[in-house]
Amino acid sequence: MSLLKKLAWAGAFAGLALSAWSSGAAAQSADEIAAEAAKKYAGTEITVVWEAGLQSLDPLNFSGPMWEKLTGMKVKVIEVPTEEMFTKIMQEYRAGTGAYDALNVIPSWMPDLAKAGALEPLDSYVDKYKYRDELQKIAPTFRDNQMTVDGKIYGFPDDGDVFIMYYRKDVFADPQNQADFKAKFGYDLAPPTTWKQFDEIGQFLTDKFQPKMYGAAFFRQAPYAQLMFQERFRNEGGKFFDANTMKATINSDIGVKVMTDMRNENKFMPPGVETWGFVENLAAFMSGQTAMTISWPPYGRWAAGYGQDEKALNWVPKTQIAGKVGYALPPGGHPQLALGFALSVASTSKHKDAAYLFIQWLNSEKISTERVQLPYTLRDPFRVSHYTDPTYLSRWPDAKDYLATLKQASETGLLDLSLLQTDKYEEALRQGISALWSGEDPKAILDKIAAQWDAITEKVGVDKQKAVYQGWASKSGAYPQM
């Protein structure tokens, strides 16, 4: 072969090699890009704020050690109770100490935190580290509603919290129960799609099986119950404010009906349900004491027995109902996307790139798919691929139905109310729920809440709050899309 031909072949080979290398680089996933870029920060310690309890076992036991092994960076986890997280984040921001690097932020707080300047805008990092395409694969409800403020990215949706209904499918399928119910009400015994059906089914099952089993139960402690009120109020057609005046309309006839119905339903629930929280309600359902409940996704995993041998879950009662649980949307079909978490970077961080790379890696498709399957933490599916992941689908016999219901719930779910000083509006609602369980008149309770809300709005500034509310109300998950 002539020298000229040899040079031509060598050039062609080099071109092919370069092309192959370029294709490989382009195909690099978001987790790989983040981990590779983070190696330059080996030895750096970043501090992350995480919800205290089971949630924190993710960075403490799983993702934190894995990240350190991959990159040489260290992760220090600051555990903070949920009810204190907003205050702690704001206090640290105002102090300007740079004590926090990465943050867990409940999406309804994001406008407050972003407008205060506590959160770092992430768009430049997203582009720098080529995350934009993979970020778009987050399920649309979370991606479109829980990521931006005024068009800028301030957090990555990282937890698909949503209320769904769990019911005893063996009880509902029992031929005698079906016959007795249809004879009394004229329609088939099935998961309720309206609150009227829920009341009829709940009372029927309680009348037939109490005290061994009651028709239903919910957590009724005020922080949880106010979220359930938000959901039901909007499913019934309620609006929180007059969009023009920003006067609270929570004390409408719809609000009074919802509160009245919520209290009346306690009559067919187990005695003392008014004081129940997450754990009490879980224990009752897992033991077979209740036939229906509404809660976050972990109930569905644990009721199936998934992870019951994990040491961290030794406080969870052993399920007595594995294989007997069905999954459905709550009555009304638009469940609350209750709380949840997004990953953000503190604006005062001294290690912003390092903190960003950690949250990109955590949130990436590959790593997040592993994280949402950890039985001992409370992270729930939030990416389109999570709902169809073959491994997750095989975790227990009914996992496919569980994931399909979560996907459906994410598509029709309702956002938590999100305003400036949201915590103050919610505190008024929590106080109202407590008053409801103590026997006060629903109309009087709601009139008081409305007056408190109006006072908060005046203090924030009507026009300022109106702009925030209109931005929230324009989102697809603010009110039901009929």
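Residues numbered from 1 in each chain as written. Predicted model: local features only at pLDDT ≥ 70, side-chain atom pairs only at ≥ 80, totals over all residues. Heavy atoms only, no water.

1. Considering empty space enclosed by the protein
- This model, assessed by the stated rule, comprises 2 cavities of 30 Å³ or more.
- Every residue lining the largest cavity is listed: Met286, Trp302, Gly305, Tyr306, Gly307, Gln308, Leu313, Val316, Pro317, Lys318 and Thr319.
- Class assignment for the residues of the lining of the largest cavity results in 6 nonpolar, 4 polar and 1 charged.
- What the second largest cavity holds in volume is close to 30 Å³.
- Contributing to the lining of the second largest cavity are Gln226, Gln230, Phe240, Leu417, Tyr425, Glu426, Leu429 and Trp453.
- Mapped by element, the contributors of at least two residues to the lining of the second largest cavity are α12 (222–235) and α20 (422–437).
- At 3 residues, the largest contribution of residues to the lining of the second largest cavity is made by α20.
- When its residues are assigned to classes, the lining of the second largest cavity shows 5 nonpolar, 2 polar and 1 charged. (1 Å grid on protein atoms, 1.4 Å probe; cavity = no way out; pocket = protein on both sides within 12 Å on 5 of 7 lines; lining within 4 Å. Points joined across faces, edges and corners; volume = space filled by probe spheres on them. Nonpolar A, V, L, I, M, F, W, Y, C, P; charged D, E, K, R; others polar. Helix = DSSP H or I, 4+ residues; strand = E, 2+ residues; numbered from the N terminus.)

2. Concerning the pattern of salt bridges
- Throughout the structure, instances matching the rule amount to 26 salt bridges.
- Residues Lys128 and Asp353 are paired through a salt bridge, measuring 3.1 Å at the closest nitrogen-oxygen approach. On the criterion of sequence distance, the pair formed by Lys128 in helix α6 (residues 123–128) and Asp353 in helix α16 (residues 352–363) is long-range, its members being 225 residues apart.
- Ionic pairing is found between Glu265 and Arg232, a salt bridge with its closest N-O pair at 2.8 Å. (Salt bridge = Lys/Arg side-chain N within 4 Å of Asp/Glu carboxyl O.)

3. What to know about the confidence of the model for the chain
- Of the residues in the chain, 94% reach a pLDDT of 70 or more, and the chain-wide mean stands at 92.
- Between residues 1–25, whose pLDDT stays under 50, and residues either more than four places distant or in other chains, the model counts 2 contacts. (pLDDT = per-residue confidence, 0-100. Contact = heavy atoms within 4.5 Å.)

4. Details of the layout of surface pockets
- Of the volumes computed, that of the largest pocket is approximately 990 Å³.
- In terms of lining, the largest pocket is formed by 37 residues, of which the most central are Glu51, Thr82, Glu83, Tyr224 and Leu339.
- Secondary structure elements with two or more residues in the lining of the largest pocket: α4 (82–95), α12, α14 (278–286), α15 (298–303) and α20.
- Lining of the second largest pocket is provided by 22 residues; of these, Pro111, Thr148, Ser418, Trp472 and Lys475 occupy positions nearest its centre.

5. Here's the deal with unusual backbone geometry
- Between Gln210 and Pro211 the backbone carries a cis peptide bond, its omega angle lying at 5 degrees.
- With respect to the helices and strands, Pro211 occurs in the loop between α11 (195–209) and α12.
- The phi angle at Gln421 is positive, at roughly 60 degrees, despite the residue not being glycine.
- Note on placement: Gln421 falls in the loop between β12 (414–415) and α20.

6. What about the packing of aromatic side chains?
- In this structure the tally under the stated criterion is 45 aromatic pairs.
- Here Phe181 and Phe204 contribute two aromatic rings whose centre-to-centre distance is 5.2 Å and whose plane-to-plane angle is 80 degrees, an arrangement assigned as edge-to-face. Of the two residues, Phe181 sits in helix α10 (residues 175–185) while Phe204 sits in helix α11, which places them 23 residues apart along the sequence. Summarising the burial analysis for this pair, Phe181 and Phe204 share the class buried.
- Taken together, a centroid distance of 6.4 Å and an interplanar angle of 90 degrees make the contact between Phe278 and Trp302 edge-to-face. Highlighted residues: Phe278 in helix α14 and Trp302 in helix α15, separated in sequence by 24 residues.
- Between Arg232 and the ring centre of Trp195, over which it is positioned, the NZ or CZ distance is 3.6 Å. (Phe/Tyr/Trp six-rings, centres within 6.5 Å; stacked < 30°, edge-to-face > 60°. Buried < 20%, exposed > 50% of the residue type's maximum accessible area, 1.4 Å probe, protein only. Lys NZ or Arg CZ within 6 Å of the ring centre and 35° of its normal.)

7. A closer look at the pairing of strand β11 (residues 342–345)
- Burial along β11 is two-sided: the residues Ala342 and Ser344 and Leu343 and Val345 are all buried.
- Strand direction decides the pairing type here: strand β3 (residues 102–105) and β11, joined by 4 bridges, are antiparallel. Paired with Leu103 across the strands is Ser344, a residue of β11.
- Pairing of strand β6 (residues 156–157) with β11, which is carried by 2 bridges, proceeds in the antiparallel orientation. Bridging from a neighbouring strand, Phe156 pairs with Leu343 of β11. (Pairing = 2+ DSSP bridges.)

8. Comments concerning the environment of Ala179
- With respect to the helices, strands and loops of the structure, Ala179 is situated in helix α10.
- Using a relative accessible area of 41% as the deciding quantity, one classes Ala179 as partly exposed.
- Measuring from C-alpha to C-alpha, the distance between Ala179 and Leu189 comes to 8.5 Å, with 10 residues separating the pair along the chain.

9. Re the sheet that holds strand β7 (residues 164–168)
- The strand order across the open sheet built from 3 strands is β8-β7-β9, with neighbouring strands paired in antiparallel fashion. This sheet does not close on itself; its edge strands, each paired only once, are β8 (292–295) and β9 (325–328). Within the sheet, the average angular offset between the axes of one strand and its neighbour, ignoring direction, is 25 degrees.
- For β7 and β9, the ladder comprises 4 bridges, and the chain directions are antiparallel. Looking at β9, one finds that Arg168 is bridged to Val325.
- Against the sheet, helix α19 (residues 399–412) makes contact with β7 and β9, and its axis sits at roughly 20 degrees relative to β9, the strand it touches most. (Axes fitted to C-alpha atoms, helices over the stretch in contact; angles between N-to-C directions.)

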